[in-house]
Amino acid sequence: MSILANKETRAVIIGGVAGLNAARRMAQFDFLINRPLTVQAFVYPPEEGQQKEIYRGGELNNVTVYSTLEKALTENPHINTALIYIGASRAYQSAMEALDSKEIKLVTMITEGVPEKDAKALRKYALEKGKIFNGPSSIGIMTAGECRLGVIGGEFKNLKLCNLYRPGSFGVITKSGGLSNEAMWLCAQNGDGITTAVAIGGDAYPGTDFVTYLKMFENDPDTKAVVIIGEVGGTLEEEAAEWFGQEKRRIKLIASIGGTCQDVLPQGMKFGHAGAKEGKKGLGSARSKINALREAGAVVPDTFGGLSKAIKQVYVELKATGAIKPEPELDEKLLPELPPSVQEIMKQGEVIVEPLIRTTISDDRGEEPRYVGYAASELCEKGYGIEDVIGLLWNKKLPTKEESEIIKRIIMISADHGPAVSGAFGSIIAACAGIDLPQAVSAGMTMIGPRFGGAVTNAGKYFKYGVKEYPNDIPGFLNWMKQNVGPVPGIGHRVKSVKNPDKRVKYLVEYVTNQTTLHTPCLNYALEVEKITTAKKDNLILNVDGTIGCILVDLDFPEYSLNGFFVLARTIGMIGHWIDQNNQNARLIRLYDYLINYAVKEEREVPEKK
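Presented here is a report on the structure given in the accompanying data block. (Residues numbered from 1 in each chain as written. Predicted model: local features only at pLDDT ≥ 70, side-chain atom pairs only at ≥ 80, totals over all residues. Heavy atoms only, no water.)

1. Considering the layout of surface pockets
Our working rule: Buriedness of a pocket was judged along seven lines, with at least five required to meet protein on both sides within 12 Å; pockets are open sets of points on a 1 Å grid over the protein atoms alone, cavities are sets where a 1.4 Å probe fits but cannot get out, and lining residues have an atom within 4 Å of a point. Grid points are joined across faces, edges and corners, and a volume is the space filled by probe spheres set on the points. Starting at the N terminus, helices and strands are each numbered in turn, a helix being any DSSP run of H or I of at least four residues and a strand any DSSP run of E of at least two. Ten residue types, Ala, Val, Leu, Ile, Met, Phe, Trp, Tyr, Cys and Pro, are classed as nonpolar, four, Asp, Glu, Lys and Arg, as charged, and the remainder, Gly among them, as polar.
Its boundaries defined by the atoms lining it, the largest pocket holds a volume of some 890 Å³. If you trace the largest pocket, you find 30 residues lining it, with Arg451, Phe452, Gly492, His493 and Arg494 closest to the centre. Among the elements of the structure, α21 (544–554) and α22 (563–583) are those that each provide at least two residues to the lining of the largest pocket. Empty space within the second largest pocket amounts to approximately 450 Å³. Among the secondary structure elements, those contributing two or more residues to the lining of the second largest pocket are α1 (17–33), β3 (51–56) and α11 (342–347). It is α1 that contributes the most residues to the lining of the second largest pocket, 4 residues altogether. The class makeup of the residues in the lining of the second largest pocket is 4 nonpolar, 5 polar and 4 charged.

Take a look at the structure:
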């Protein structure tokens, strides 16, 4: 027999991250005692429809998140308990809804900071409904060998140390979550463990009091004694003493009350819990609680340090009378161990895991990212720029000062080409449609391809091929291109020509050849190709894509990386266009009719359908 929670308990958790953590801790206990998963559903509207991964030992369970409690209960009819892991502003509403559900008999709330009026209303409503509302500020409820609600009991190893895998003979009721774990450990070390432990929470107006749970323990034949850990403030302990002393009880009562130091402290001083405050005329003082409990017949040590001896004393007495029967010792080696994670096994060097991906450029496992071994902050401190980071991440080497200047100029010159080109135009249209920045820039990025910017990679690739295969035979190279590829990438411009040169090309060529010592075989080859192509037609010039592609090849960047420079540079411009349109509060664009050639049939009558 048990109180509050047992092997039939199935729970819904109302809340987000904290609730998920609790569910995973509860699943560890489920694994230890070999029971089905306690948590059947989550209710958390922002994550509706998600599946939360919960391991029960090595078994992976996917638990659904619902937007409403009603949906969760409809699809999981076995749920009979609700755990509230949601903020104080919404905890009251969530608990009320749970208490209203006919399926749910027990509600326990972890939430701290719940207004006193809400706590009082929840207590009153639960009593009217004949249900239990435990909390607020409760770490949970533990029934040894049967059920764990919340994170009560601590880590997996502590569950074993406290003998929580099988029932004992002691009930536990505490205000403090931490002391509930301590009490369970003391019962295991000085007795045979617990039946059920309940943390009622340390608020001034808990949903359920000591007396309610004492009555339940009195009616549970497996519970032979109850340990109460109370504190200064309120009158719950005095009420428990009054109940216990009214008549002879079956259960023994052991109590420890914290706060006797208040005898020498100013009256009204608060301790850790909201309810830990002495009232007027010493009401609720630790000393008055101790006296009341002793007069009622409870075993009350002078200090918390004496609790072990008190539990041991009662345990020995109960064994002597035959109330507690000795149980055969269980070899703890037979208890299951939590399967270690892959990371833990790898640290121990006991397993080899084939990597899923390999990276050779960056590592963020330390205090900060490192690019090819260089700490990002140190690069900044020593005057390196974005052009140097590009060299590290794209080419795995730190550029020289001269090379950095070339990369910087390529990015600057390529950053934008006005609003009319397809990439910028795409981003502008998206901005005018109210699309957010990432999506608007993505719209422009999708335009980058063989006709817009894509020539950078192919220009570098094929001019590099020409240098290698046709170093002294440019006509042969052009003939090979015509037969195998088509027009030479990087050659030709719709607007620019020999008479109207592209100043960007002119600047880059002059800068690289006259102001740096860079060896430029690819760029030189492309300029020689230009002499032949412009002789045929004056707009078949070396364009900016071709120039950039050749220079980057000469800088020893991998040819498949070259379009990245165009993508990176134009992203700067696309972001600028998006910001510009938003600054202007630009309206949705619709093309004017005169910009469209409607090459369609004239209006005609629709025939009858045959």
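The discussion continues.
2. What to know about helix α13 (residues 386–395)
Applied cut-off: For every residue, the accessible area obtained with a 1.4 Å probe (protein chains only) is divided by the maximum for its type, and the residue is called buried under 20%, exposed over 50%, and partly exposed between those limits. In this analysis, two residues are considered to be in contact whenever any of their non-hydrogen atoms come within 4.5 Å of each other.
Across the 10 residues of α13, 7 count as buried, placing the element largely inside the fold. Turning to α13, its buried residues number three or more, namely Glu387, Asp388, Val389, Ile390, Gly391, Leu392 and Asn395. Tucked into the core, α13 has its buried residues touching β15 (370–371), β16 (374–375), α12 (376–381), α14 (401–414) and α22. Positive phi appears at Lys396, one or two residues downstream of α13, with a value of about 60°.

3. Structural notes on the side chain of Asp192
Just so we agree on the cut-off: Only four residue types enter the charge count, namely Lys and Arg as positive and Asp and Glu as negative; His and the chain termini do not. Salt bridge, as applied in this entry: a Lys or Arg side-chain nitrogen positioned within 4 Å of an Asp or Glu carboxyl oxygen.
Here Asp192 shows up in the loop between α6 (177–190) and β11 (194–199). One buried charge, Asp192, has no salt-bridge partner; the nearest side chain with opposite charge is Arg166, at 5.5 Å. Sequence-distant contacts of Asp192, that is, excluding residues within four places in its chain, are made with Arg166, Pro167, Gly168, Ser169, Phe170, Cys187, Tyr315 and Ile324.

4. A word on the pattern of salt bridges
A full pass over the atoms with the stated rule returns 21 salt bridges. Between Arg249 and Glu247 there is a salt bridge, and its shortest N-O distance comes to 3.5 Å. Classification of Arg249 as buried rests on a relative accessible area of 15%. Residues joined in a network through salt bridges with shared partners are Lys175, Glu237, Glu238 and Lys289.

5. Focus on the sheet that holds β3
Formally: Following DSSP output, two strands are said to pair if at least two bridges run between them. Axis definition: a line fit to C-alpha positions, over the contact stretch in the case of helices; interaxial angles, taken between N-to-C directions, run 0 to 180 degrees.
Pairing in this open sheet of 7 strands is mixed, and the strands run β3-β4-β2-β1-β5-β6-β7 from one edge to the other. Every interior strand has two partners, whereas the edge strands, β3 and β7 (132–134), have only one. Across the sheet, the mean angle from the axis of one strand to that of its neighbour is 25°, orientation sign disregarded. As paired elements, strand β2 (residues 39–43) and strand β4 (residues 59–66) share 2 bridges and run parallel to each other.

6. Observations concerning the packing of aromatic side chains
Note the following rule: In this scheme Phe, Tyr and Trp rings, the latter by its six-membered ring, pair at centre separations within 6.5 Å, and the angle between planes marks the pair as stacked below 30 degrees, edge-to-face above 60, and tilted otherwise.
As enumerated under the stated definition, the model contains 12 aromatic pairs in all. Relative to Tyr315, the ring of Phe170 has its centre 6.3 Å away and its plane inclined at 45°; by these criteria the two rings are tilted. Placement of Phe170 in strand β10 (residues 170–174) and of Tyr315 in helix α10 (residues 307–320) is noted, with a sequence separation of 145 residues between them. The pair formed by Phe170 and Tyr315 is uniform in burial state, with each residue classed as buried. Centre to centre, the rings of Tyr465 and Tyr470 are 6.3 Å apart; their planes meet at 55°, and the pair counts as tilted.

7. Looking at empty space enclosed by the protein
Within the structure shown, the criterion is met by 2 cavities of 30 Å³ or more. Of the volumes computed, that of the largest cavity is approximately 40 Å³. Elements supplying a minimum of two residues to the lining of the largest cavity: α13 and α14. Here the residues of the lining of the largest cavity are counted per class, giving 4 nonpolar, 2 polar and 2 charged. Empty space within the second largest cavity amounts to approximately 40 Å³. Contributing to the lining of the second largest cavity are Gly15, Gly16, Leu20, Phe42, Tyr44, Glu47, Lys52 and Val65. In terms of residue class, the lining of the second largest cavity is built from 4 nonpolar, 2 polar and 2 charged.

8. Examining the pairing of strand β1 (residues 11–15)
To be explicit about the condition: Consider the strands pointing away from the viewer: the crossover is right-handed when the path from the first strand over the helix to the second runs clockwise.
Counting buried positions along β1 gives 5 out of 5 residues, so the element sits mostly inside the fold. Pairing geometry for β1 and strand β5 (residues 81–85), over 5 bridges, is parallel. Bridging across to β5, Ala11 finds its partner in Thr81. This β-α-β element, β1 to α1 to β2, shows right-handed connectivity.

9. Things to note about a nonpolar patch on the surface
Quick reminder of the rule: Distance thresholds for patches are 9 Å for like charges and 5 Å for nonpolar side chains (Val, Leu, Ile, Met, Phe, Trp, Tyr), applied to residues having over 30% relative accessible area and no salt bridge. Residue exposure ignores everything except the shown protein chains as possible cover, and the areas themselves are Shrake-Rupley values with a 1.4 Å probe.
Where nonpolar side chains cluster on the molecular surface, the patch consists of Leu591, Tyr592, Tyr594, Leu595, Ile596, Tyr598 and Val600 and spans about 820 Å² of accessible area. Tracing the backbone through its elements, the reader meets Ile596 in the segment after α22. Judged by its relative accessible area of 32%, Ile596 falls in the partly exposed class.

10. Here's the deal with the packing of helix α17 (residues 455–469) against helix α18 (residues 474–484)
Here is the rule we go by: Every angle not falling under 35 degrees, over 145, or within 65 to 115 is termed oblique; those three ranges are roughly parallel, roughly antiparallel and roughly perpendicular. Note on convention: the crossing is left-handed when the near helix lies turned anticlockwise from the far helix by less than a right angle, right-handed when the turn is clockwise.
In contact at an axis separation of 10 Å, α17 and α18 are set at 135° when each is read in the N-to-C sense. When the axes of α17 and α18 are compared, the pair comes out oblique. As α17 runs across α18, the sense of the crossing is right-handed. Each of Tyr462, Phe463, Tyr465 and Gly466 in α17 lies in contact with α18, whose residues at this interface are Phe477, Trp480 and Met481. Taken together, the residues of the contact of α17 with α18 sort by class into 6 nonpolar, 1 polar and no charged.

11. Overview of helix α3 (residues 88–100)
Which entries qualify depends on this criterion: Helix span, expected: 1.5 Å multiplied by one less than the number of residues in the helix.
Given a rise of 1.5 Å per residue, 13 residues ought to cover 18 Å, and the 19 Å separating the end C-alpha atoms of α3 matches this to within 8%. Where α3 is concerned, the buried positions are Ala91, Ser94, Ala95, Met96, Ala98 and Leu99. Looking at the buried residues of α3, the elements they touch are β1, α2 (69–75), β5, β6 (106–109), α4 (116–129) and β7.

12. Details of unusual backbone geometry
Between Gly135 and the following residue, Pro136, the backbone shows a cis peptide bond with an omega angle of 0°. A positive phi angle, near 60°, is found at Asn34, a position not held by glycine. When you line up the elements, Asn34 lands in the loop between α1 and β2. In the Ramachandran plot, Val372 falls in the positive-phi region, its phi being about 50° despite a non-glycine side chain. Tracing the backbone through its elements, the reader meets Val372 in the loop between β15 and β16.

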